[in-house]
Amino acid sequence: MPEAFKNLYNEKFYLTLAMHLKKCLVNFDEESFMQTMLSDNFEQLALKERMTHTKEVLHQFMPDNFPEATSVLVRLITSLSDAGIKEDSVEYMFLPEYVETYGIDDYQTSIQAFEKITQFTSAEFAVRPFLIKYGQKMLSQMYLWCEHSHYMVRRLASEGCRPRLPWAITLKTYKLDATLLLPILHSLFDDPTEIVRRSVANNLNDIAKDNPNVVIAFAKQYLGKGTQSDRNIKHACRTLLKQACPETLALFGYDSTDIDLVEFKVLTEKVVMGSHANFSFAIINNSENAKKIRLEYGLYFMKKNGQLSKKVFKISERFLAANELHQVQRKQSFKPISTRIYYPGIHQVSIILNGKEFIGKGFELIS
């Protein structure tokens, strides 16, 4: 069984952290730090709770003066980096969280701290309360970060202001007026670093859920300017494509006329929980010209209340020659996963060709 993610925070991690803190803090009490960190209820804490606990315990050993405390954080990062220690996933994100919690009223010191810390561990969650409290002042600072020499600072400019960043505070201001973010997104769209460009695309995809016309206009401005640009725009428009937005489908050349679905079959009418639903179908291009095909299927999951909930899964993209018949076999797993609970009952699967959905067929999921 995989190791629980929360166990990134363990005794070995804190011993390493304490060793480096001892180099950065005068009169640091390593023994007391370890005892406080590994408190009696530590094992019961979940990942986010352990992260917050780490920040709070660290605060007990830090200078009361916030600028002095941020200097310690910067020295700590230098010490860790000099020792060849890098973040494996999210374990050092308690550092920007420290600034978020204890520096919210010290804007200038916190900005300087974020700029240093994000080069070691991402601060996209921690900057969001500053966007809420300081508004345009903070957004202007993030625009300045677009010109920073370090790619992680540039990424923070885009990732930190995503309106719907997963597991983060929603930024309602930018859901209502996404145009406020456009200077940052235009500045970073052609960034030389892939992780920054991908962040811009993810930000645009967030915007598309509330302001699709803003993203469509952005896409029209960049589409066709090169392979990299087209790839990034397509990633930015992925929600609009899944929603079969007609204007977006047309932008990418997806036309459903003269394309038909044939031989659609559900091969497993009863699916045992933990196994797969199998289905097959064919598509035919009845026109005299090659067609660009975006092929997806919709899975209508049974919910606890007996209603069906649709999720779209991409199969492939390809060109279909004139009068070509293309056959497809697919399976959908019903093995337990952490992000969805499966309920017994009648489910449905439909086929989506270039945004056009063909009537679904049912199968029963049994326990």
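You'll find the structure just up there.
From a predicted model like this one, the values you see are computed outputs, not experimental measurements.

About the cut-offs
- Residues numbered from 1 in each chain as written.
- Predicted model: local features only at pLDDT ≥ 70, side-chain atom pairs only at ≥ 80, totals over all residues.
- Heavy atoms only, no water.
- Phe/Tyr/Trp six-rings, centres within 6.5 Å; stacked < 30°, edge-to-face > 60°.
- Helix = DSSP H or I, 4+ residues; strand = E, 2+ residues; numbered from the N terminus.
- Lys NZ or Arg CZ within 6 Å of the ring centre and 35° of its normal.
- Buried < 20%, exposed > 50% of the residue type's maximum accessible area, 1.4 Å probe, protein only.

(A) Molecular detail of the packing of aromatic side chains. One pass over the full model with this rule turns up 24 aromatic pairs. Each ring, one from F13 and one from Y92, has its centre 5.1 Å from the other, and the planes form 50 degrees; the classification is tilted. Placement of the pair is F13 in helix α1 (residues 11-24) and Y92 in the loop between α4 (66-82) and α5 (94-102), with a sequence separation of 79 residues. Each ring, one from Y14 and one from F42, has its centre 5.8 Å from the other, and the planes form 75 degrees; the classification is edge-to-face. With Y14 in helix α1 and F42 in the loop between α2 (30-37) and α3 (47-60), this residue pair connects regions lying 28 residues apart in the sequence. A connected cluster of aromatic rings, assembled from ring pairs, spans Y9, F13, Y14, F42, Y92, F94 and F120. Over the face of the ring belonging to Y107 we find K137, whose NZ or CZ atom lies 4.2 Å from the ring centre. Between K292 and the ring centre of Y254, over which it is positioned, the NZ or CZ distance is 5.1 Å.

(B) Geometry of unusual backbone geometry. With a phi close to 65 degrees, W167 is a non-glycine residue in the positive phi region. Mapped onto the elements of the fold, W167 is located in the loop between α9 (151-159) and α10 (172-176). One non-glycine residue with positive phi stands out, namely D258, at about 65 degrees. Along the chain, D258 falls in the loop between α16 (246-251) and β1 (259-266). Note on D258: relative accessible area 45%, which makes it partly exposed.

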